Every structure is written in C-alpha cells, then in structure tokens.
Amino acid sequence: MEHYDIIIIGLGPAGATFARLVPDKYHILAIDAKGEADQYRKPCGGLLAPDAQKTIAEMGFHITKDLLVDPQIFSVHTIDFSSKLERHYQRAYVNLDRHAFDMWCIAQMPDRIDRSMDSRVIRIDWQDGNYIIHYRTRSGQTVTASARYIVGADGANSLVRRSLYPTHKMRTYLSIQEWYPHQASHPFYASIFDPEVSDCYSWAMYKDDCFIFGGAYPQAGARERFDRQKKKLRDYGFVLDRPIKREACLVLRPERVADIVTGKHGAYLIGEAAGWISPSSLEGISYALISARELARHFPDMPSYRRLKLKLFGKLLKVPFLYQPTLRRLIMQSGLQSIKVKT
Ligand SMILES: Cc1cc2nc3c(=O)[nH]c(=O)nc-3n(C[C@H](O)[C@H](O)[C@H](O)COP(=O)(O)OP(=O)(O)OC[C@H]3O[C@@H](n4cnc5c(N)ncnc54)[C@H](O)[C@@H]3O)c2cc1C
C-alpha cells in the first residue's frame, strides 16, 4: 500500500485548485471519478460569476478562449410566476464549457502529483493516525492507499463529509437539466421563480448549439416538479420537447453560516463538499476556488475562512429579497436596477 502525505478526493475546481497551489513539499495522490474522454460531466450552468473571475485574476491565472462557449450574454431575463412580472437585469458572467473548464483545472496541476482518474473512492478508514482510502478503478480493481491528511473536494454528495460528519444535515435539492437543440434567434439567459414548483429557482441558457433548461427542486417529487415547470413555461414561449439529454445531481443550499463544515482530525473539506455555495444563486465555482486557495495557503493549519464566511453571510441576507414572493414583487415592481432590453 503506497503512503502519501495528502490524498485529495475529487478534482472539480476545488480539488484541482488546491492541488495546484499547495506547497510542493508534500507527496500527494489525487483521485477523481471522472476520466479524460468521459461519460460523466458535472451538470452545471458553467457561468463564471464576477467573484470567480476576480479570484482567477488574483491567483494570476488566465483562461483560454477554447473554454468559452457562445454566446456571451450580459443580462438575465427574470420571470416571476407569482406576480407575473418580468424584468431584465445586467449581469457580467462568462459562459463556459464546464467540462472543458474542469479539464483545464486538472491540466494546471503540477506533474509531481500522482493521479488516479476514472476512480471512485468507496470507503475511508482511520488506522494508527493515518487515513486508509479504498478506491475502485475503471477496470473494477479496488486499490488502497494511506495518507496523513485527506482533502475532501468531492462535491455536494461528499463521501468525505458523510464519513466525518454522519449526522450533519444540510438543505439539499435535486438539480435537473435538459439539453435541447438551439431554438431562438435571440439567445437569452433566464431565471425563473415559481414558488408553486420550487422554493429555489429554474434557469434557461444557451451553450453553442444547445439550449439548456434546468432548475433546483426539493427532493420530494423533484422530477414531477421539473416536468410541471416545463409545462407552465409553454405560456412564455419555451419549447421544451424532445431533449437531447437529461442530467441530474444534488446541489446544496446552506441556510446559515454554521451549516459549513471544514473538517477535523487531519481531514479537510473544500468547495461544495464543505457546503460552500451561494444560497441565493447556487453559484459555487468562486467558493470552490477561494476555499481551495485558503486551505493551500494555511495547510496543514485550518484557515478561518473569514472572507468566505462574510461572502456567504451577505448572500444569506440577499435570499429573502429574491425568494420571498412579496419582497420580490415589490423589487420587481419598483424596477430597481433593472434595464430595458429591446426584443
Ligand atoms: C445544475 C447546476 C448548475 C450550476 N451552475 C453553476 C454556475 O453556472 N456557476 C457556478 O459558479 N456554479 C454553478 N453551480 C454550482 C457548481 O457547479 C458547484 O458548486 C461547483 O462545481 C463546486 O465545485 P467543487 O470542486 O467543490 O465540486 P464539483 O465540481 O462537484 O467536483 C467534485 C468532484 O469530485 C469527484 N467525486 C465525487 N465523488 C467522488 C468519489 N467518491 N471518488 C472520487 N471522486 C469523486 C467528481 O467526479 C467531481 O469531479 C451549479 C450547480 C448545479 C448542480
């Protein structure tokens, strides 16, 4: 059994960024369930928010144009079913190919880090001061490795979080997305609020030749809620028949800063595995990047994550203005910060 200083579990933006930034004195193994030519792709809107752009700039990184998809859209069309109001707001997202972005994050990792792609961690044990990690490779072989430290960057359904905090509960939604052939002469990005279907929200956007409709729904009856939302959107001109593919995954939505769990006993959690994600927009890439950078800076000490906690707190304060139907109606009625879009 090979022994490492650190085993990183999960190479999304959080795990790959930690691997890139952690000091080079550590002997590291990084394990991820996805492979290069892969079937598994993270279901994601792939919109890089200003905070994520700023973090990439602060880290001295730059992304290349092959990670971008068409079109770059600078406004969001907001539809509120409860008040029947619609507004447009200016936004400054970068529209990415999310899988290409994940692969780019992995490609930036130093060569000295051992990797096991197409491999899923199935069990974590603790023995004589070390973590024993059991993972299954693509060929079906079960391999075991040990490490003094582990970093759980394995996303919303984190095995590391569930192993460390078996009784910890966080509000969790099922996110469902369908991909359709491109369908509008004027592509748009929309966010849809319909409390009758979900207390979170749905979205529609374009990526190259495809139109994506998705949303986050309470897990009970999620698929029925998704189908109901699609039906209701017909009245707004959405044509949501014959999808090319449907994808789904869990997405977390913290209700308080105390929901975040960052690890203990030499095991660390970063990115969505820790619960870091915006409760107002479900934007998680900036949280993944910032939590990875903070941990790499302080490792093996636990960072305070002060800036990230403040950012999350700010988003928690914003939630009622977006999701409380009366407040949302008042804001949309006022036209505050909205823009006029010629359609
Ligand atoms: C439908 C949807 C749309 C979203 N849209 C946006 C958006 O537009 N912009 C934005 O900023 N955020 C968005 N988010 C949130 C964002 O996708 C996540 O918060 C972000 O990807 C978190 O990054 P991460 O590195 O922590 O985890 P992830 O990106 O989830 O990466 C986790 C990695 O761990 C691996 N893994 C998991 N379990 C194991 C295991 N047992 N063994 C080995 N490997 C494992 C997975 O293969 C994966 O590569 C969206 C989320 C959803 C669900």
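Keep in mind that what you see is a predicted model, and the values were worked out from it rather than measured.

A few points about the site of the ligand
Around the ligand lies a shell of 35 residues, among which D32, K34, G45, R98 and E272 are the nearest. Here an oxygen atom of the ligand and a side-chain polar atom of K42 are 3.3 Å apart. G284 places a main-chain nitrogen or oxygen 2.9 Å from a nitrogen atom of the ligand. Relative to its unbound accessible surface of 1,000 Å², the ligand loses 93% to contact with the protein. Residues that form the shell around the ligand fall into these classes: 17 nonpolar, 10 polar and 8 charged.

Points about helix α5 (residues 222–233)
The end-to-end C-alpha distance of α5 is 17 Å, a good match for the 16 Å that 12 residues give at a rise of 1.5 Å each. Within the span of α5, buried status applies to A222, F226, Q229, K230 and L233. The buried side chains of α5 occupy one side of the element, clustering within an arc of 100 degrees when seen end-on. Its buried side turned inward, α5 meets β11 (172–181), β12 (190–193), β13 (202–207), β14 (210–218) and β15 (245–252).

A word on the packing of aromatic side chains
Applying the stated criterion to the full structure yields 22 aromatic pairs. Between F211 and F238 the ring centres are 6.3 Å apart and the planes differ by 45 degrees, which places this aromatic pair in the tilted class. Linking F211 in strand β14 with F238 in the loop between α5 and β15, this pair joins segments that are 27 residues apart in sequence. Note on F211: relative accessible area 0%, which makes it buried.

Some remarks on the sheet that holds β11
Read from one edge to the other, the open sheet built from 8 strands follows the order β15-β11-β14-β13-β12-β4-β5-β18, with strand pairing classed as mixed. Both edges of this open sheet fall to β15 and β18 (338–339), since each of them pairs with a single strand only. In terms of strand pairing, β12 meets β13 through 3 bridges, oriented antiparallel. Each bridged residue has a counterpart across the sheet, and for S191 the counterpart in β13 is W203. Its contacts with the sheet place helix α8 (residues 325–334) against β4 (75–80), β5 (85–90) and β12, and it is angled at close to 70 degrees to β5.

As for unusual backbone geometry
Outside of glycine, negative phi angles account for most residues, and trans bonds account for most peptide bonds. A cis amide bond, omega -10 degrees, links D70 with the succeeding residue P71. For P71, the position within the fold is in the loop between α2 (50–58) and β4. P300 follows F299 through a cis peptide bond whose omega is 5 degrees. Mapping P300 onto the fold places it in the loop between α6 (285–298) and α7 (306–323). A positive phi angle, close to 50 degrees, is found at R242, a residue other than glycine. Looking at the secondary structure, you find R242 in the loop between α5 and β15. On the basis of relative accessibility, which here comes to 73%, the residue R242 falls in the exposed class. Notably, Q337 is not glycine yet its phi reads approximately 65 degrees, a positive angle. Note on placement: Q337 falls in the loop between α8 and β18.

Let's talk about the domain arrangement of the protein chain
Domain boundaries in the protein chain define domain 1 (2–41 + 99–169 + 256–318) and domain 2 (65–96 + 170–253 + 320–339). Each of domain 1 and domain 2 has a C-alpha centre, and the two are 28 Å apart. Every contact between the two is made by 19 residues of domain 1 and, on the other side, 16 residues of domain 2. Between domain 1 and domain 2, roughly 1,600 Å² of surface is buried when both sides are summed, and carbon and sulfur atoms account for 68% of that area. When the area that domain 1 buries against domain 2 is broken down by residue, the three leading residues are P279, L282 and K318, summing to 30%. Viewed at the interface, domain 2 and domain 1 are joined by 0 salt bridges. Summed over the shared surface of domain 1 and domain 2, the result is 6 residue pairs in polar contact (both at pLDDT 80 or more).

The rules behind each value
- Residues numbered from 1 in each chain as written.
- Predicted model: local features only at pLDDT ≥ 70, side-chain atom pairs only at ≥ 80, totals over all residues.
- Heavy atoms only, no water.
- Near = heavy atom within 4 Å.
- Polar contact = N/O pair within 3.5 Å; in protein donor to acceptor, adjacent residues only side chain to side chain.
- Areas by Shrake-Rupley, 256 points an atom, 1.4 Å probe, with all protein chains shown as cover.
- Nonpolar A, V, L, I, M, F, W, Y, C, P; charged D, E, K, R; others polar.
- Helix = DSSP H or I, 4+ residues; strand = E, 2+ residues; numbered from the N terminus.
- Expected span 1.5 Å × (residues − 1).
- Buried < 20%, exposed > 50% of the residue type's maximum accessible area, 1.4 Å probe, protein only.
- Arc of directions from axis to C-beta.
- Contact = heavy atoms within 4.5 Å.
- Phe/Tyr/Trp six-rings, centres within 6.5 Å; stacked < 30°, edge-to-face > 60°.
- Pairing = 2+ DSSP bridges.
- Axes fitted to C-alpha atoms, helices over the stretch in contact; angles between N-to-C directions.
- Domains from an automatic or database assignment.
- Buried area = accessible area lost by both parts, 1.4 Å probe.
- Salt bridge = Lys/Arg side-chain N within 4 Å of Asp/Glu carboxyl O.

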